[in-house]
Amino acid sequence: MAKTYERIDGRLRTFIEQQPLFFTATAPLSGDGTVNLSPKGLTGSFAVLDERTVAYLDFAGSNAETIAHLRENGRITLMWCAFQGPPGIVRVHGRGEPVFRDDPRFGELLTRFPDIDPARHGLRAIIVVHAELVRDTCGYAVPFMAYEADRDLHGRRFAREDDASLSDYFTRKEHVAGSLDGLPGLPLPLPPSTV
């Protein structure tokens, strides 16, 4: 049976912090706009900030749909599934915002991710999500799958970039400055980091 929670703490917090993978879902306001669903991983790139707020590092990639949707309307859902151990699914429905590298809050937020070197991955923003609804469900149909390790390809690819070359990379990508539906995405040129 599904259950609703007032906060992210105790067993719920432990569950989501133990999962090596989670998913984000966002959508534009337009009824015919493109819904986005993205997997997120890399150990150390997710943090529970308080009982109603979570955050994750938004790294270099081929598009910026989540950023564009959050800039337009702020709606986001995060989901974690148990692929090992007892079954379970947790969803955090809420309002999110991208905190860009030139935001005064960026440096303090970055301290919440001590186990990852953001320079190796082309960090472009920190996504902060304020929970409005937290629910779990059974997850009985989620298959067992074994986690082996994080892939090192992303870090190897983006470790060789500096701010200028990373900004150039984003500028050349079709759906980074703007979403698939033409919404504003990542501000370019890439803002300089405050840290």
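The structure this text deals with has already been given above.
Residues numbered from 1 in each chain as written. Predicted model: local features only at pLDDT ≥ 70, side-chain atom pairs only at ≥ 80, totals over all residues. Heavy atoms only, no water.

Enquirer: Where do I start with the overall build of the chain in this structure?
Expert: Within the chain one finds five helices and eight strands. Along the chain direction, N to C, the helices and strands of the chain fall in the order β-α-β-β-β-β-α-β-β-α-β-α-α. Scaling as 2.2 N^0.38, a compact globule of 195 residues should have a C-alpha radius of gyration of about 16 Å, and the chain matches this with 17 Å. Considered along the principal axes of its C-alpha atoms, the chain spans approximately 50 × 40 × 30 Å. (Helix = DSSP H or I, 4+ residues; strand = E, 2+ residues; numbered from the N terminus. Rg over C-alpha atoms; globule rule 2.2 N^0.38 Å.)

Enquirer: Would you mind going over the packing of aromatic side chains with me for this structure?
Expert: For any pair of aromatic rings, the description consists of the separation of the ring centres together with the inter-plane angle of the planes. Summed over the entire model, instances satisfying the criterion amount to six aromatic pairs. Each member of the aromatic cluster is reached from another via a ring pair, and the members are Phe22, Phe46, Tyr56 and Trp80. The ring of Phe158 is capped by Arg157, whose NZ or CZ atom sits 4.5 Å from the centre of that ring. (Phe/Tyr/Trp six-rings, centres within 6.5 Å; stacked < 30°, edge-to-face > 60°. Lys NZ or Arg CZ within 6 Å of the ring centre and 35° of its normal.)

Enquirer: Help me out: how do you make sense of the pattern of salt bridges in this one?
Expert: Two side chains that carry opposite charge are able to pair once their charged atoms sit near each other. Scanning the entire structure with this criterion turns up ten salt bridges. When the shortest N-O distance is used, the salt bridge between Glu97 and Arg105 registers 3.0 Å. Glu97 gets classed as partly exposed once you look at its relative accessible area, which sits at 28%. Look at Arg105 and you get partly exposed, because its relative accessible area is 38%. The network of salt bridges with common partners includes Glu97, Asp103 and Arg105. (Salt bridge = Lys/Arg side-chain N within 4 Å of Asp/Glu carboxyl O. Buried < 20%, exposed > 50% of the residue type's maximum accessible area, 1.4 Å probe, protein only.)

Enquirer: Would you explain the nonpolar core in this entry?
Expert: Nonpolar side chains tend toward joint burial in soluble globular proteins. Within the largest apolar cluster, 33 residues are counted, with the highest numbers of intra-cluster contacts made by Ile8, Ile16, Phe46, Leu78, Trp80, Phe170 and Leu186. With five residues, the single largest contributor to this core is strand S8 (residues 125–137). Excluding anything up to four places from it in sequence, Leu186 contacts Ala64, Ile67, Arg71, Phe100, Arg124, Phe170, Val176 and Ala177. (Core = buried A, V, L, I, M, F, W, Y, C linked by side-chain atoms within 4.5 Å. Contact = heavy atoms within 4.5 Å.)

Enquirer: What exactly am I supposed to notice about unusual backbone geometry here?
Expert: Negative phi characterises most residues that are not glycine, and trans characterises most peptide bonds. Cis geometry is adopted by the peptide bond preceding Pro189, which originates at Leu188 and carries an omega value of 5 degrees. Here Pro189 shows up in the segment after helix H5 (163–172). A positive phi angle is found at Leu42, which is not glycine, with a value near 70 degrees. Secondary-structure assignment places Leu42 in the loop between strand S3 (36–40) and strand S4 (46–50).

Enquirer: How do you make sense of the environment of Val128 when you look at a structure like this?
Expert: Looking at the secondary structure, you find Val128 in strand S8. Measuring from C-alpha to C-alpha, the distance between Val128 and Pro191 comes to 18 Å, with 63 residues separating the pair along the chain. Residues in contact with Val128, not counting those within four places in the same chain, are Leu49, Thr53, Val54, Ala55, Arg95, Gly96, Glu97, Val99 and Leu109.

Enquirer: In this structure, what is going on with helix H2 (residues 65–72)? I would like to understand it.
Expert: Across the eight residues that make up H2, a large majority, six, are buried. Buried positions along H2 lie against strand S2 (22–26), S3, strand S5 (53–58), strand S6 (75–81), strand S7 (89–100) and S8. Backbone geometry just downstream of H2 places Gly74 in the positive-phi region, at approximately 75 degrees.

Enquirer: So what exactly am I meant to see when it comes to the pairing of S5 here?
Expert: A regular strand carries its side chains on alternate faces of the sheet. Within S5, six of the six residues are buried, which leaves the element mostly enclosed by the surrounding structure. Linking S4 to S5, which pair antiparallel, is a turn of two residues. (Pairing = 2+ DSSP bridges.)

Enquirer: Explain the side chain of Thr24 here, please?
Expert: Its location among the elements puts Thr24 in strand S2. Residue Thr24 is classed as buried on the basis of its relative accessible area of 0%. Not counting residues within four places of it along the chain, the set of residues in contact with Thr24 comprises Asn36, Leu37, Ser38, Lys40, Tyr56, Thr66, Ile76, Thr77 and Leu78.

All we've got here are geometric facts, nothing functional implied.
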